[in-house]
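Fold and contact review
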Amino acid sequence: MKIESFAYKNGSLEWQGASVRQLAAEYGTPLYVYSEAAILDRIARLRSAFGSRRAGIYYSVKANSNLSVLRIISGAGCGADIVSGGELFRCLKAGLTPEKIVFSGVGKSADEIRYAINTGILFLSVESPAELEAIGKIAQEMGKTARISVRVNPDVDPKTHPYISTGLKENKFGISHREVVSIYKLAASLPGIQPTGLGFHIGSQITDLSAFKEAGQIAVRLVNAVRAEGINLHHLDVGGGLGISYLDEKAPAPEEYARQIIDSVGLPDLELMFDPGRSIVGNSGILVSRLLYLKGAEAARDAKGASIQRADDANSPKTFYICDAGMNDLLRPSLYDAYHHVYSDPERPLSGFGDLVGPVCESGDFFAKDRAMPAFKAGDLAVLASAGAYGFTMASNYNSRPRPAEVLIRSDGRAEIVRKRESFEDLIRGE
Ligand code: LLP
């Protein structure tokens, strides 16, 4: 995906057929750019991967919650997986129907539970006995019934970064598979509760599919055990987590992913659903920044036209490529040591070497470390690939930096601003 979407035309970078240089000139930097065609393409591929078995897509809103992105996803017939009242609010604003919204997360507040029940969402995912009782109590007070689905923690290793691994017993998520049957019995006994399904989500950026299979098998065993107690479950939510290619990781094909799930689940009367985030929007977005300064070896070389020095030469100062985007705009490299591929505009030979960093006052403010780089010059664009998921949604105002603008390239090639760049006034609103 990443590879096909980028191309140089006469030395100028194009992404998804659009000139990155023109977008930067028109909308400024740092700038998030998304592609409607790419989003729709990913959805179509995921959907067709399940073939006749069919599985409902409940897009994980936390990956990218821009209203225009949500409208595209909803227009393509997907539902939404949310984790907060704020995400519910966004989904409703974007026109999603409540019956297509599911609510996950270990710490839903009473207000959020009330909001969800009142809205009439499809179900709340339950992650502890205490939460189940709270939901039951609130539903009863409201004179309503809350549909719930228990999230099981299957204790399988998704072999991903520890911060985004969620299905091991040391993780805070879900209910131990050992307690699942008893919690359904409790659920069935509570007046405000109607159990409708079971689910799991074992982690994110998973490229080894065997964990999905293992979790699927455990879930099906549990569904059978719960059904044996006379409690009917209609659906199984297999979570999100399908990995994408950031560098040269072999991202599993959606068809392989679907095959693993279908094979492990069986039970044709069980409605399948899943909540992908990254695999829909990750490679459907980029972050465009501008190189402000070069510092160190290559700055010296640039000035004197001297021969290239490398950071691995102990005597040479390291090169820092300083751009106008920071960790507040894209946190993934700082938080997970995540790789985002860097493209230059204009096209430059890959003869540079060093760190691509931002202006934020933290040494953790980097996008790339000790990496071969395009031989950037100040004023070039530095484009971070695969930034459509967990980019803007994790952005902050740290260092009192207004958050970037977001632009969407429509399927017909038109670019449209879908979120204004924040102003200084936005920074102090409410203070
Ligand atoms: N379902 C649930 C219940 C989740 O918690 C998540 C993500 C997903 C679905 C979607 O997973 P995906 O398909 O996107 O892998 N900020 C991190 C990722 C955190 C994922 C949290 N949960 C990152 O930038 O890598």
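Before reading further, recall that the structure is shown in the block above.
Residues numbered from 1 in each chain as written. Predicted model: local features only at pLDDT ≥ 70, side-chain atom pairs only at ≥ 80, totals over all residues. Heavy atoms only, no water.

1. Regarding the overall build of the protein
Of the regular secondary structure elements, the protein holds 14 helices and 21 strands. For 431 residues, the compact-globule formula gives about 22 Å, and the C-alpha radius of gyration of the protein, at 23 Å, lands near that figure. Considering only C-alpha atoms, the protein reaches an extent of 80 × 45 × 40 Å along its principal axes. Relative to its 431 residues, the protein shows a buried fraction of 56%. Entry remark: accessible area of the protein is about 17900 Å², with carbon and sulfur atoms responsible for 51%. (Helix = DSSP H or I, 4+ residues; strand = E, 2+ residues; numbered from the N terminus. Rg over C-alpha atoms; globule rule 2.2 N^0.38 Å. Buried < 20%, exposed > 50% of the residue type's maximum accessible area, 1.4 Å probe, protein only. Areas by Shrake-Rupley, 256 points an atom, 1.4 Å probe, with all protein chains shown as cover.)

2. Observations regarding the packing of aromatic side chains
Aromatic ring pairs are reported here in terms of the distance separating the ring centres and the angle at which the planes meet. This structure, assessed with the given rule, holds 10 aromatic pairs. The interplanar angle of 80 degrees and the centroid separation of 6.0 Å between the aromatic rings of Tyr32 and Phe392 together place this pair among those described as edge-to-face. Here the residue Tyr32 occupies a position in strand E4 (residues 31-35), and Phe392 occupies one in the loop between strand E19 (381-384) and strand E20 (405-409), the gap between them amounting to 360 residues. Classification of Tyr32 by relative accessible area gives buried; the value is 0%. Owing to a relative accessible area of 10%, Phe392 belongs among the buried residues under this scheme. Three or more aromatic residues joined by ring pairs make a cluster, and in this case those are Phe50, Phe212, Tyr257 and Phe274. The residue whose ring lies beneath Lys108 is Phe103, and the NZ or CZ to ring-centre distance is 5.7 Å. (Phe/Tyr/Trp six-rings, centres within 6.5 Å; stacked < 30°, edge-to-face > 60°. Lys NZ or Arg CZ within 6 Å of the ring centre and 35° of its normal.)

3. Focus: the side chain of His235
Along the polypeptide, His235 turns up in strand E12 (residues 235-237). A polar side-chain atom of His235 sits 3.0 Å from a polar atom in the side chain of Thr196. Apart from residues lying up to four places away in sequence, His235 is in contact with Phe123, Ser149, Thr196, Gly197, Leu198, Leu270, Glu271 and Met273. (Polar contact = N/O pair within 3.5 Å; in protein donor to acceptor, adjacent residues only side chain to side chain. Contact = heavy atoms within 4.5 Å.)

4. Brief notes about the sheet that holds strand E2 (residues 12-15)
On the basis of which strands lie adjacent, the open sheet formed by 3 strands has the order E1-E2-E3 and antiparallel pairing. In this open sheet, the two edge strands, each paired with only one partner strand, are strand E1 (6-9) and strand E3 (18-19). Pairing between E1 and E2: 4 bridges, direction antiparallel. Residue pairing for E2: Tyr8 is matched across the bridge by Leu13. (Pairing = 2+ DSSP bridges.)

5. Quick word on the site of the ligand
Taken together, 19 residues are adjacent to the ligand, and Ser204, Asp275, Arg332, Tyr336 and Tyr390 come closest. Within the contact set of the ligand, a nitrogen atom lies 2.6 Å away from a side-chain nitrogen or oxygen of Asp275. Within the backbone of Gly277, an N or O atom sits 2.9 Å from an oxygen atom of the ligand. Look at the ligand: alone it shows 580 Å² of surface, and the protein chains cover 92% of it. Per-class residue counts for the shell around the ligand are 5 nonpolar, 8 polar and 6 charged. Three or more residues apiece are contributed to the shell around the ligand by two domains, here domain 1 (6-34 + 283-427) and domain 2 (36-278). (Near = heavy atom within 4 Å. Nonpolar A, V, L, I, M, F, W, Y, C, P; charged D, E, K, R; others polar. Domains from an automatic or database assignment.)

6. Focus: the nonpolar core
Judged by nonpolar contacts, the single largest core of 99 residues is most densely connected at Leu198 and Leu356. Sort the elements by how many residues they give to this core and helix H9 (residues 210-228) lands first, with 9 residues. Taken together, domain 1 (6-34 + 283-427) and domain 2 (36-278) each give at least three residues to this core, which thus spans both. Leu198 has contacts with Ser149, Val150, Val152, Val180, Tyr184, Ala219, Leu222, Val223, Leu233, His235, Leu236 and Asp237, leaving out every residue within four places of it along the chain. By size, the runner-up hydrophobic cluster in this structure holds 19 residues, among which are Trp15, Ala18, Ile286 and Val383. (Core = buried A, V, L, I, M, F, W, Y, C linked by side-chain atoms within 4.5 Å.)

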